[in-house]
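Observations on the three-dimensional arrangement
These are the residues of each chain, in order.
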Amino acid sequence: MKAQEPVRVMIVEDSQVLRHFLENVIGRDPRLNVVASTSSAEQALQLMEEARPDVISMDIRLPGMNGLEATRHIM
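A brief structural summary. Given the structure is predicted, the values throughout are model-derived calculations rather than measurements. (Residues numbered from 1 in each chain as written. Predicted model: local features only at pLDDT ≥ 70, side-chain atom pairs only at ≥ 80, totals over all residues. Heavy atoms only, no water.)

1. Description of the overall build of the chain
The secondary structure content of the chain amounts to three helices and three strands. Secondary structure elements in the chain, listed N-terminal to C-terminal, are β-α-β-α-β-α. Compactness check: the chain gives a C-alpha radius of gyration of 13 Å against a globular reference of 11 Å for 75 residues, within 12% of the reference. In terms of its C-alpha atoms, the chain occupies a principal-axis envelope of roughly 45 × 25 × 15 Å. By residue count, 28% of the 75 residues in the chain fall in the buried class. Considering only contacts in the chain between residues 6 or more positions apart, those separated by 24 or more positions represent 62%. Total accessible area on the chain is roughly 5400 Å²; 52% of this is exposed by carbon and sulfur atoms. For the chain, the distance from the average site of its 8 positive side-chain charges to the average site of its 11 negative ones is 6 Å. (Helix = DSSP H or I, 4+ residues; strand = E, 2+ residues; numbered from the N terminus. Rg over C-alpha atoms; globule rule 2.2 N^0.38 Å. Buried < 20%, exposed > 50% of the residue type's maximum accessible area, 1.4 Å probe, protein only. Contact = heavy atoms within 4.5 Å. Areas by Shrake-Rupley, 256 points an atom, 1.4 Å probe, with all protein chains shown as cover. Lys, Arg positive; Asp, Glu negative; His and termini not counted. Charge placed at Lys NZ, Arg CZ, Asp CG, Glu CD.)

2. Observations concerning the environment of glutamate 42
Mapped onto the elements of the fold, glutamate 42 is located in helix α2 (residues 41–51). Take glutamate 42: its relative accessible area is 32%, and that puts it in the partly exposed class. For the pair glutamate 42 and leucine 62, spaced 20 residues apart in sequence, the C-alpha separation works out to 9.9 Å. Beyond its immediate stretch of four places on either side in the chain, glutamate 42 contacts Pro63, Gly64 and Met65.

3. Things to note about the nonpolar core
Membership of the largest hydrophobic core is limited to ten residues, which are Met10, Val12, Ala36, Ala41, Ala44, Ala51, Met58, Leu62, Met65 and Ala70. Elements with a contribution of two residues or more to this core: β1 (7–12) and α2. Of the residues forming this core, the biggest block, three residues, is contributed by α2. Look past the residues within four positions of alanine 51 in its chain and what remains in contact with it is Arg8, Met10, Val35 and Ala36. (Core = buried A, V, L, I, M, F, W, Y, C linked by side-chain atoms within 4.5 Å.)

4. Digging into the sheet that holds β1
Pairing between the strands of a sheet is mediated by backbone hydrogen bonds and can be parallel or antiparallel. The parallel open sheet is built from three strands, whose spatial order is β2-β1-β3. Lying at the two open borders of the sheet, with one neighbouring strand each, are β2 (32–38) and β3 (55–58). Between one strand and the next, the sheet's axes are offset by a mean angle of 25°, whatever the strand orientation. The pairing of β1 with β3 spans four bridges and is classified as parallel. Looking across to β3, one finds that valine 12 is bridged to methionine 58. Along the sheet, helix α1 (residues 16–27) contacts β1, β2 and β3; its crossing angle with β2, the most-contacted strand, is approximately 165°. (Pairing = 2+ DSSP bridges. Axes fitted to C-alpha atoms, helices over the stretch in contact; angles between N-to-C directions.)

Set out below in structure tokens:
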């Protein structure tokens, strides 16, 4: 039986405290792998190709481009 690859997670959160909290919580689960963590939607869009996340935890209220607009670009 082949072990499954961990789910690749990107975190987009402008609050440094909350971003680090999410990194720690997600990082403790062996089924998940934080591949990118950033404070802005613009940076998230730039990291998409390199990080290739399976799942994105996206804050809705972000400075500059908000999370909803970033999600539209990603989709």
